[in-house]
Amino acid sequence: MRFYQGQHRHTCGIDLHAKTMYLCVLDERGTICLQQNIPTSAAAFLAAIQPYRDGLIVGVECMSTWYWLADLCENEGIPFLLGHALYMKAIHGAKAKNDKLDASKIAHMIRGGVFPMAYVYPKEMRATRDLLRRRTALVRFRAELMAHVVNTQSQANLHTLTGKTQRLDLEDPGLYLFDDPMTRETIQLDLHVIQSLTTQINHVEKTLRKQVAWHKPREFELLKTIHGIGPTLAMTILYEIHDISRFPRVQDFASYARLVICAHESAGKRSGSGGRKIGNAHLKWAFGEAATLYLRNNPKGQAYRNKLARKHGKAKSLSILAHKLGRTVYHMLKRQQAFDPARFLAA
């Protein structure tokens, strides 16, 4: 975790909400210059900080409504910090908690050099990343509906589905063999929503491929040289990383992608592990999928996984493979090199 160590003439901590925001401005000696609750509007914010613009830095805790404030500070030339929510224990663990206290603590954390920094994702690629995440949510919802269709047939001891469930056909008479008309209506509802979702997902994927060809065409092609990584996984990895240079070491990247287990130790004794929810869940999913797909139709990869399984067990061997793929992607993007299967398996 990186903590902000800079010093500024004025420090502004903000407890940000959807409709209101509480400001606390400190001077270089730690004296409170302003404490005010204002509406979440650009005009109100700029008017409140106007007397303290000289040497001002702004910090907020990471939550769902920080986009507009980060963009506003960038346009106004004001340094902006985003606080890592899980690391800001000084706020969440306090005995008393309200907007005024939270804003004050954020400001004092910045000034004291203990403000945990999260990554401020740039505006130019942020919307595309969010669209890609939305596409993943829609795919998972479609899978739930497909599973519901299959489970409903199993309840009635009807097994008419063959092949992949993605090929469900609204006109298939085998899907409507239920005695109860309400059950038939339920199945028809599921199929209509599945069909609509499939149309929208296909449209979104075409849009995303055009965007990645504009943003990161070379990196996109490099990632697809890995066996099992197709366009969707490649786009997910690229847009969740954004810029590989923001990770000084491969260990930092592996930690961010939730590919390592962090030990809890004290007095030389290990008391378990933690930090499973700290990092990027989308990268964790992407590398887990990549490890599974890497083994498909890949005899050499399967032999390597079996070697790991004999030593570490079947479940852990897949985690090790995902970790290895994560480290490989880091070096590929750093060096702008394509995937080398022989070197991957020989290491």
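The rules behind these values
- Residues numbered from 1 in each chain as written.
- Predicted model: local features only at pLDDT ≥ 70, side-chain atom pairs only at ≥ 80, totals over all residues.
- Heavy atoms only, no water.
- Helix = DSSP H or I, 4+ residues; strand = E, 2+ residues; numbered from the N terminus.
- Buried < 20%, exposed > 50% of the residue type's maximum accessible area, 1.4 Å probe, protein only.
- Contact = heavy atoms within 4.5 Å.
- Areas by Shrake-Rupley, 256 points an atom, 1.4 Å probe, with all protein chains shown as cover.
- Lys, Arg positive; Asp, Glu negative; His and termini not counted.
- Charge placed at Lys NZ, Arg CZ, Asp CG, Glu CD.
- Axes fitted to C-alpha atoms, helices over the stretch in contact; angles between N-to-C directions.
- Parallel < 35°, antiparallel > 145°, perpendicular 65-115°, else oblique.
- Nonpolar A, V, L, I, M, F, W, Y, C, P; charged D, E, K, R; others polar.
- Left-handed = near helix turned anticlockwise from the far one by under 90°.
- Salt bridge = Lys/Arg side-chain N within 4 Å of Asp/Glu carboxyl O.
- Pairing = 2+ DSSP bridges.
- Expected span 1.5 Å × (residues − 1).
- Core = buried A, V, L, I, M, F, W, Y, C linked by side-chain atoms within 4.5 Å.
- Phe/Tyr/Trp six-rings, centres within 6.5 Å; stacked < 30°, edge-to-face > 60°.
- Lys NZ or Arg CZ within 6 Å of the ring centre and 35° of its normal.

Draft legend 1. Broad picture of the overall build of the protein chain. A tally of helices and strands in the protein chain yields 13 helices and nine strands. The buried share of the protein chain, reckoned over its 347 residues, is 39%. When contacts within the protein chain are restricted to residue pairs at least 6 apart in sequence, long-range pairs at least 24 apart make up 59% of them. Carbon and sulfur atoms make up 52% of the accessible area of the protein chain, which totals about 19200 Å². Once the 49 positive and 29 negative side-chain charges of the protein chain are each reduced to a mean point, those two points are 10 Å apart.

Draft legend 2. Representation of the packing of helix 10 (residues 281-294) against helix 12 (residues 314-335) in the model. The N-to-C vectors of helix 10 and helix 12 enclose an angle of 105 degrees; their axes lie 8 Å apart at closest approach. By the angle between their directions, the pair helix 10 and helix 12 is classed as roughly perpendicular. Of the residues in helix 12, those touching helix 10 at F287, G288, A290, A291, T292 and Y294 are L318, L321, A322, L325, G326 and V329. Taken together, the residues that form the contact of helix 10 with helix 12 break down as nine nonpolar, three polar and no charged.

Draft legend 3. Molecular detail of the packing of helix 5 (residues 123-155) against helix 6 (residues 181-215). Where helix 5 contacts helix 6, the two axes come as close as 9 Å, and the packing angle between them is 155 degrees. Considering the angle they form, helix 5 stands roughly antiparallel to helix 6. Note on packing geometry: the crossing formed by helix 5 with helix 6 is left-handed.

Draft legend 4. Structural context of the pattern of salt bridges. Counted under the stated rule, the structure contains 10 salt bridges. Between R126 and D71 there is a salt bridge whose closest N-O contact spans 3.1 Å. In this pair, R126 sits in helix 5 while D71 sits in helix 2 (residues 67-76), placing the two residues 55 residues apart along the sequence. By the burial criterion, R126 is buried, and D71 matches it. The salt bridge partner of R133 is E240, with a shortest N-O separation of 2.8 Å. With R133 in helix 5 and E240 in helix 8 (residues 231-241), the pair connects residues that are 107 residues apart, well separated along the chain. Judged by its relative accessible area of 26%, R133 is partly exposed.

Draft legend 5. Highlighting the sheet that holds strand 6 (residues 80-83). The seven strands lie next to each other as 1-7-6-5-2-3-4, forming an open sheet whose pairing is mixed. Each having just a single partner strand, strand 1 (3-4) and strand 4 (32-39) make up the two edges of the open sheet. With five bridges joining them, strand 2 (residues 10-16) and strand 5 (residues 56-61) adopt parallel strand pairing. From the neighbouring strand, C12 faces strand 5, where its bridge partner is V58.

Draft legend 6. Spotlight on the pairing of strand 8 (residues 262-266). As paired elements, strand 8 and strand 9 (residues 269-274) share four bridges and run antiparallel to each other. Bridge pairing in strand 9 places A263 opposite S273. Where strand 8 folds back onto strand 9 in an antiparallel hairpin, the turn is made up of two residues, including A267, whose phi is positive at roughly 55 degrees.

Draft legend 7. View of unusual backbone geometry. Even without glycine at this site, H242 takes up a positive phi of about 70 degrees. Relative to the elements of secondary structure, H242 occurs in the loop between helix 8 and helix 9 (250-256). According to the relative accessible area criterion, H242 is buried, its value standing at 12%.

Draft legend 8. Layout of helix 12. Across its 22 residues, helix 12 extends 32 Å between first and last C-alpha, which sits within 8% of the 32 Å expected from 1.5 Å per residue. Here helix 12 has its buried residues at S317, L321, A322, K324, L325, G326, T328, V329, Y330, M332 and L333. Residues of helix 12 that are buried in the fold lie against helix 7 (217-223), helix 8, helix 9, helix 10, helix 11 (299-312) and helix 13 (341-346). Taken from the residues just after helix 12, Q336 is the one with a positive phi, measuring 55 degrees.

Draft legend 9. Representation of the nonpolar core. Among the nonpolar cores identified, the biggest contains 43 residues, and I237, I241, F253, F287 and L325 are the most heavily contacted of them. Of all the elements in the fold, those that place two or more residues in this core are helix 5, helix 6, helix 7, helix 8, helix 9, helix 10, helix 11 and helix 12. Residues within four places of I237 in sequence aside, it is in contact with L223, I229, L283, A286, F287 and V329. By size, the runner-up hydrophobic cluster in this structure holds 24 residues, among which are C12, I38, V58 and A70.

Draft legend 10. Expanded view of the packing of aromatic side chains. For the coordinates displayed, the defined rule picks out 10 aromatic pairs. Arranged with centres 6.2 Å apart and planes meeting at 80 degrees, the rings of Y119 and Y121 form a pair that is edge-to-face. Here Y294 and F339 contribute two aromatic rings whose centre-to-centre distance is 6.4 Å and whose plane-to-plane angle is 85 degrees, an arrangement assigned as edge-to-face. With Y294 in helix 10 and F339 in the loop between helix 12 and helix 13, this pair connects stretches of sequence that are 45 residues apart. Accessibility assignment for this pair places Y294 and F339 in one class, buried. One aromatic cluster in this structure is built from F247, F253, Y256, F287 and Y330. R140 extends its terminal NZ or CZ atom over the ring of W285, reaching a point 5.6 Å from the ring centre.

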